[in-house]
Amino acid sequence: MGIIESIIHTYSQFFNWEMWGQVLTDPVSWGYIGTLVILEGLLSADNALVLAVMVKHLPPEKRKKALFYGLLGAYIFRFIAIGIGVFLIKLWWVKVLGAAYLAYLAIKYFIDKRKEKNALEGEGEEESHGINKNGLLIRLFGTFWGTVIAVEMMDIAFSVDSVLAAFGVSNQVWVLLVGGMLGVLMMRGVAGVFLKLIDRVPELEGTAYILILIISVKMLLGVVGVHVHHYVFFSILVLAFAATFVVHNRNKKKAEQGEA
């Protein structure tokens, strides 16, 4: 009953207009919202690309339907995950596991990038392939619904990462609610904008995972009672993005000198 009551209490706060009034008039709150927008946008860019590849074998008119059904499922899952998460995040070992998982994601990204770079240098770029048309889901549920279920499973996997990242930023209910919804909207709405931004500044993708690593450290410090002040947290974010553009300009100059 404790979990159910926690979920109901969490969702009831979504309709607490007094809380939203305080949130929208607090500059710190807008700082957290901005952090979530940037983080979700950068992470959702690649996620959106993966989902687009997964549905490319469907007729054009069915692709949007498959992604839309996946969208509905992602919202349902995130609502459930946020409600349960508010209850579980109070347990220290859950925070430790969450911080460890976020750190794993960041470290794995840089290891995979290194392997990908070596593979590209040796063999050239490989083409992205869509879903396996002879896979189990397609055989059991048909081409369309099998694809929908595959998209839904991928959405859930992406949702776990996003919800954990939101918990790392702050354990305030409104942060979790906004973060959970922003992740889905980013993936379906403005992911294309962030894809173009990453194309122009490729280093931003790495910065997103550096932020994930920073958030995991922040979550872990919270376990041992060390609170990272929001001024410190936001300053680190600003420095990370400033360093990203410095590195980008340096790499750009090196590339231009190499071409010359």
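Computed from a predicted model, the values in this text were never measured in an experiment. (Residues numbered from 1 in each chain as written. Predicted model: local features only at pLDDT ≥ 70, side-chain atom pairs only at ≥ 80, totals over all residues. Heavy atoms only, no water.)

As a further point, take the pattern of salt bridges. Tallied over the full model, the rule gives two salt bridges. One salt bridge connects Lys 108 with Asp 112, and the closest N-O pair in it is separated by 2.8 Å. Highlighted residues: Lys 108 and Asp 112, both in helix H5 (residues 92-123), separated by four residues, approximately one helical turn. The exposure class assigned to Asp 112 is partly exposed, which follows from its relative accessible area of 33%. (Salt bridge = Lys/Arg side-chain N within 4 Å of Asp/Glu carboxyl O. Helix = DSSP H or I, 4+ residues; strand = E, 2+ residues; numbered from the N terminus. Buried < 20%, exposed > 50% of the residue type's maximum accessible area, 1.4 Å probe, protein only.)

The next subject is the nonpolar core. In this structure, Leu 102, Trp 174 and Phe 233 are the most contacted members of the largest nonpolar core, which totals 33 residues. Listing elements by their share of this core, those giving two or more residues are helix H2 (17-24), helix H3 (27-54), H5, helix H6 (136-169), helix H7 (173-200), helix H8 (203-223) and helix H9 (230-259). Examining the composition of this core, we find that six residues originate from one element, H6, more than from any other. If you look at the next biggest cluster of nonpolar residues, it comprises eight residues, including Leu 58, Ala 66, Phe 144 and Val 148. (Core = buried A, V, L, I, M, F, W, Y, C linked by side-chain atoms within 4.5 Å.)

Turning our attention to a nonpolar patch on the surface. There is a patch of nonpolar side chains on the surface, built from Phe 68, Tyr 69, Leu 72 and Trp 145 and spanning about 400 Å² of accessible area. Per-element tally for the nonpolar patch: the top contributor is helix H4 (residues 60-88), with three residues. Among the secondary structure elements, Leu 72 is positioned in helix H4. We classify Leu 72 as partly exposed; its relative accessible area is 40%. (Patch = residues over 30% accessible without salt bridge, like charges linked within 9 Å, V, L, I, M, F, W, Y side chains within 5 Å. Areas by Shrake-Rupley, 256 points an atom, 1.4 Å probe, with all protein chains shown as cover.)

Take the packing of aromatic side chains next. Taken as a whole, this structure holds four aromatic pairs when the rule is applied. Just above the ring of Phe 233 sits the side chain of Lys 218; from NZ or CZ to the centre is 5.4 Å. (Phe/Tyr/Trp six-rings, centres within 6.5 Å; stacked < 30°, edge-to-face > 60°. Lys NZ or Arg CZ within 6 Å of the ring centre and 35° of its normal.)

Right, let's get into the environment of Ala 208. Its place among the elements puts Ala 208 in helix H8. The exposure class assigned to Ala 208 is buried, which follows from its relative accessible area of 1%. Residues Ala 208 and Ala 240, 32 residues apart in the sequence, show an inter-C-alpha distance of 9.4 Å.

Since the α-helix packs 3.6 residues into each turn, any two residues three or four apart lie on the same face. Across its 21 residues, H8 extends 31 Å between first and last C-alpha, which sits within 8% of the 30 Å expected from 1.5 Å per residue. Along H8, the positions that sit buried rather than exposed are Leu 204, Glu 205, Gly 206, Thr 207, Ala 208, Leu 211, Ile 212, Ile 215, Ser 216, Lys 218 and Met 219. (Expected span 1.5 Å × (residues − 1).)

Turning to H2, its buried residues number three or more, namely Met 19, Trp 20 and Val 23. Summarising the axial view, the buried residues of H2 lie within an arc of 95°, below the 170-degree limit, and thus occupy one face. Turned more than 90 degrees away from the buried face of H2 sit Trp 17, Glu 18 and Gln 22, all of them exposed. (Arc of directions from axis to C-beta.)

Attention shifts here to the environment of Val 247. In this fold, Val 247 is placed in helix H9. Through-space distance from the C-alpha of Val 247 to that of Glu 203 is 7.7 Å; in sequence the pair is 44 residues apart.

Moving on, we come to the confidence of the model for the protein. The predicted coordinates should not be examined in detail at positions where pLDDT is low. Looking at the protein, the pLDDT average stands at 75 and 75% of residues meet or exceed 70. Confidence, expressed as mean pLDDT per element, reaches its minimum in the protein at H7 with 67 and its maximum at H9 with 85. (pLDDT = per-residue confidence, 0-100.)

The next thing to look at is the side chain of Lys 218. Along the chain, Lys 218 turns up in helix H8. For Lys 218, which is buried and forms no salt bridge, the nearest opposite charge comes from Asp 26, at a distance of 13 Å. For Lys 218, the residues in contact, after removing those within four places along its chain, are Gly 168, Val 169, Ser 170, Val 228 and Phe 233. (Lys, Arg positive; Asp, Glu negative; His and termini not counted. Contact = heavy atoms within 4.5 Å.)

So, on to the environment of Trp 145. Following the sequence through the fold, Trp 145 ends up in helix H6. Overall, Trp 145 belongs to the partly exposed group, its relative accessible area being 46%. Expressed as a C-alpha distance, the spacing of Trp 145 and Ala 66, which sit 79 residues apart in the sequence, is 7.8 Å.

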